[in-house]
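Observations on the model geometry
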Amino acid sequence: ALYHGNLGAALASQKKFDEAIEELQAAIKVAPDYADAQQNLGQAYFEQGRFAEAATAFREWVRIQPQNPAAHRKLGAALRENNQPEEALASLLQ
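All figures in this text were calculated on a predicted structure; none of them were measured in a lab. Here the residue numbering is sequential within each chain, running from 1 through the sequence in written order. Predicted model: local features are reported for residues with pLDDT of at least 70 only, side-chain atom pairs are reported and counted for 80 or more only, and whole-chain, interface and lining totals are derived from all residues. Based on all heavy atoms of the structure, the side-chain values leave hydrogens and waters out of the count.

**Overview of the packing of aromatic side chains**
Any pair of Phe, Tyr and Trp rings, taking the six-membered ring for Trp, is counted once the centres come within 6.5 Å. Such a pair is stacked with planes under 30 degrees apart, edge-to-face with planes over 60 apart, and tilted for the rest. Under the definition given, this model contains two aromatic pairs. Seen from their ring centres, F46 and F51 are 5.1 Å apart, and the 70 degrees between their planes marks the pair as edge-to-face. A residue is classified by how much of its surface remains accessible, and F46, at 22% relative accessible area, is partly exposed. For the ring pair F58 and W61, a centre distance of 6.1 Å and an interplane angle of 45 degrees mean the geometry is tilted. With F58 and W61 both in helix α4 (residues 51–64) and three residues apart, this pair spans about one turn of that helix. An identical accessibility class is assigned to F58 and W61; each is buried. When accessible area is computed with a 1.4 Å probe and restricted to protein chains, residues below 20% of their type maximum are described as buried, those above 50% as exposed, and intermediate ones as partly exposed. Under the DSSP-based scheme used, a helix requires at least four consecutive residues in state H or I and a strand at least two consecutive residues in state E, with every element numbered from the N terminus.

Right under this line is the structure:
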């Protein structure tokens, strides 16, 4: 999982989001509670304007790390961009 997660993060940093998403999904398939992979997957989707998919990944990140304020902020941003302002506000208030 770590290999796929690190490769996915590297590809995302090069803005190769489709390839990054494939690697990050592979990491999550092996280790569903891999928080960094969920975060990076959400960010890759967000960068592509795929806000519903970003929100799904960020929700998983929040599930794994409910006390992480960055996870709630990212989820709120994805929900806001996906025209879900009430859910976005609820996430941002966590």
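Resuming the write-up.
**What to know about the nonpolar core**
If you look at the biggest cluster of nonpolar residues, it comprises 25 residues, and the most contacted ones within it are A37, L41, F58 and L75. Of all the elements in the fold, those that place two or more residues in this core are α1 (2–13), α2 (17–30), α3 (35–47), α4 and α5 (69–81). Here, nonpolar core means buried Ala, Val, Leu, Ile, Met, Phe, Trp, Tyr and Cys residues that are tied together by side-chain atoms lying within 4.5 Å of each other.

**Notes on the side chain of S91**
Positionally, S91 belongs in helix α6 (residues 85–92). Look at S91 and you get buried, because its relative accessible area is 6%. Note on contacts: a residue pair is in contact if any heavy atoms of the two residues lie within 4.5 Å. If near-sequence neighbours (up to four positions away) are discounted, S91 is found in contact with H72, L75, G76 and L79.

**Section: α5**
Here the expected span of a helix is defined as 1.5 Å times the quantity of residues minus one. The terminal C-alpha atoms of α5, which comprises 13 residues, lie 18 Å apart, in line with the 18 Å expected from a rise of 1.5 Å per residue. Taken residue by residue, α5 has A71, H72, L75, G76, A77, A78 and L79 as its buried positions. Contact partners of the buried residues in α5: α3, α4 and α6. Pairs of N or O atoms are called polar contacts if they sit within 3.5 Å, as long as, within protein, a hydrogen donor faces a hydrogen acceptor (for residues adjacent in sequence, only side-chain-to-side-chain pairs). Its side-chain oxygen placed 2.9 Å from the backbone nitrogen of A70, N68 serves as the N-cap of α5. Once α5 finishes, N83 follows within two positions and takes phi at roughly 60 degrees, a positive value.

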